[in-house]
Amino acid sequence: MNMAVVDANALGYMAHYSTSQMNRSDGTPVGIIWGFFNQLKTIVEQTECAHLVFAWDSQESERKKLFPQYKEGRAAKREEDPTIYDSFFQFDELYNDILPRLGFVNNFKFPGFEGDDIMAQVCDQYAGEHKITLVSNDQDLYQLLGRHVQMYKPTKGEMYTASMFRNEFGGLCPAKWVHVKAIGGCSGDGVPGIRGVGVKTCIKYLMDNTNTAKIDTPEGKAILKRNWPLVCLPFDGTPSVELSFPKMNYQLWKEFCIEYEFQKFLKQADFWKGLFAYEPPLGYFSAPKQKHRAWSR
């Protein structure tokens, strides 16, 4: 079976920058919600996955307990764009009300953990028996790519595979990407790496044990040890997930579209009827024992 595991916050942010000004006739903001489902339609069509799992970020962070500067820069950016806080209300509405109401039961948020952790947890539990498409633009997820895991990048509208990763990064195994992030750091998450060590240097180090001068030092090893739990997915302690795909009710979707005045979706009846009427697998999936990865080279 093919399933798409969606970085739900990423879809919300994409909608924030494209359709957030859209309102219902009574003035209620609905642009994030409309944009979320509009992108979801494209994702289902492009990935050919009708079995959907949604992974959301928690406002709390276990990583910040280890490293208080983690993602500190993102908070500053949000202060520069206060409209994002208005969009967060629609994020919450999607997670708490709309998706459960429509029958999307695989809708997860765990206190202290990120959507990336949930996506990785799904891969750890289910990739051996199902094909998984991760829907995200986040390069942190490259470490999850493999025989049964590929990645769809919605901003580019393209699929990215383990083979494509190896071609791009000099034959490096995707599982080693976490080593690159731990050594070189992650500027997007505010995780500093070893000074002067970039991706190319990391790859040389991991592939043929060269360029080790800055890495195999007490300072380098300390940075690597600090960064490893910050960049490794899933974060230790991420709860397990139990997936099921019950058949859903298209009538609920119609009522939702009428309530939110999403006339365009009503005109796309064939697609949405097909999405809500797919046949689920029998029973629940059986998940293999949870795996945890530790530093090794």
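Residues numbered from 1 in each chain as written. Predicted model: local features only at pLDDT ≥ 70, side-chain atom pairs only at ≥ 80, totals over all residues. Heavy atoms only, no water.

Student: Just give me the short version of helix α2 (residues 31–47), but keep the residues and values in it.
Tutor: Under the 1.5 Å per step criterion, the end-to-end length of α2 is 24 Å for 17 residues, consistent within 8% with the ideal 24 Å. Summarising burial for α2: 13 of the 17 residues are buried, a large majority. One or two positions beyond α2, positive phi appears at Glu48, with a value near 60°. (Helix = DSSP H or I, 4+ residues; strand = E, 2+ residues; numbered from the N terminus. Expected span 1.5 Å × (residues − 1). Buried < 20%, exposed > 50% of the residue type's maximum accessible area, 1.4 Å probe, protein only.)

Student: Account for unusual backbone geometry, with residues named and values stated.
Tutor: Only a minority of non-glycine residues have a phi that is not negative, and only a minority of peptide bonds are not trans. Cis geometry is adopted by the peptide bond preceding Pro234, which originates at Leu233 and carries an omega value of -5°. Looking at the secondary structure, you find Pro234 in the loop between α10 (218–231) and α11 (250–260). One non-glycine residue, Glu261, lies in the positive phi region at around 65°. Note on placement: Glu261 falls in the loop between α11 and α12 (263–267). A relative accessible area of 33% means that Glu261 is categorised as partly exposed.

Student: Got a sec to walk through the confidence of the model for the chain? Specific residues and values, please.
Tutor: When pLDDT is averaged along the chain, the result is 90; 91% of the residues meet or exceed 70. Overall, residues 281–297 carries pLDDT values under 50, and its contacts beyond four positions in sequence, including any with other chains, amount to 41 contacts. (pLDDT = per-residue confidence, 0-100. Contact = heavy atoms within 4.5 Å.)

Student: Talk me through the pattern of salt bridges; I want residue IDs and the actual numbers.
Tutor: The final tally for this structure, using the stated rule, is nine salt bridges. In this structure, Lys65 and Glu62 form a salt bridge, with 3.1 Å as the shortest nitrogen-oxygen distance. With a gap of three residues between them, Lys65 and Glu62 both fall in helix α3 (residues 62–66), about one helical turn apart. Residue Glu62 is classed as partly exposed on the basis of its relative accessible area, which comes to 24%. Residues participating in the shared-partner salt-bridge network are Arg63, Lys71, Glu114 and Asp117. (Salt bridge = Lys/Arg side-chain N within 4 Å of Asp/Glu carboxyl O.)

Student: Go over the pairing of strand β4 (residues 131–135), please, and point to the residues and values.
Tutor: The side chains of a regular strand alternate between the sheet's two faces. Here β4 lies mainly inside the structure; four of its five residues are buried. The pairing of strand β1 (residues 2–7) with β4 spans five bridges and is parallel. From the neighbouring strand, Met3 faces β4, where its bridge partner is Ile132. Note: β4 against strand β5 (residues 149–153), four bridges, orientation parallel. Bridge assignment links Leu134 to a residue of β5, and that residue is Met151. (Pairing = 2+ DSSP bridges.)

Student: Talk me through the sheet that holds strand β6 (residues 158–160); I want residue IDs and the actual numbers.
Tutor: Ordered in space as β3-β2-β1-β4-β5-β6, the six strands form an open sheet in which the pairing is mixed. Of all strands in the sheet, those with a lone pairing partner are β3 (107–108) and β6, marking the two edges. The strands touched by helix α6 (residues 115–126) within the sheet are β1, β2 (51–55), β3, β4 and β5, with β1 carrying the most contacts at an inclination of about 160°. (Axes fitted to C-alpha atoms, helices over the stretch in contact; angles between N-to-C directions.)

Student: Could you give an account of the packing of α2 against helix α5 (residues 83–102), naming the residues involved and the relevant values?
Tutor: The geometry of α2 relative to α5 is characterised by a closest axis approach of 9 Å and an angle of 55° between their N-to-C directions. Considered as vectors, α2 and α5 are oriented oblique to each other. For the crossing formed where α2 meets α5, the hand is right-handed. Together, Gly31, Ile32, Ile33, Phe36 and Phe37 of α2 and Ser87, Gln90, Phe91, Glu93, Leu94, Ile98, Leu99 and Leu102 of α5 make up the contact between the two elements. Across the contact of α2 with α5, the residue classes tally to nine nonpolar, three polar and one charged. (Parallel < 35°, antiparallel > 145°, perpendicular 65-115°, else oblique. Left-handed = near helix turned anticlockwise from the far one by under 90°. Nonpolar A, V, L, I, M, F, W, Y, C, P; charged D, E, K, R; others polar.)

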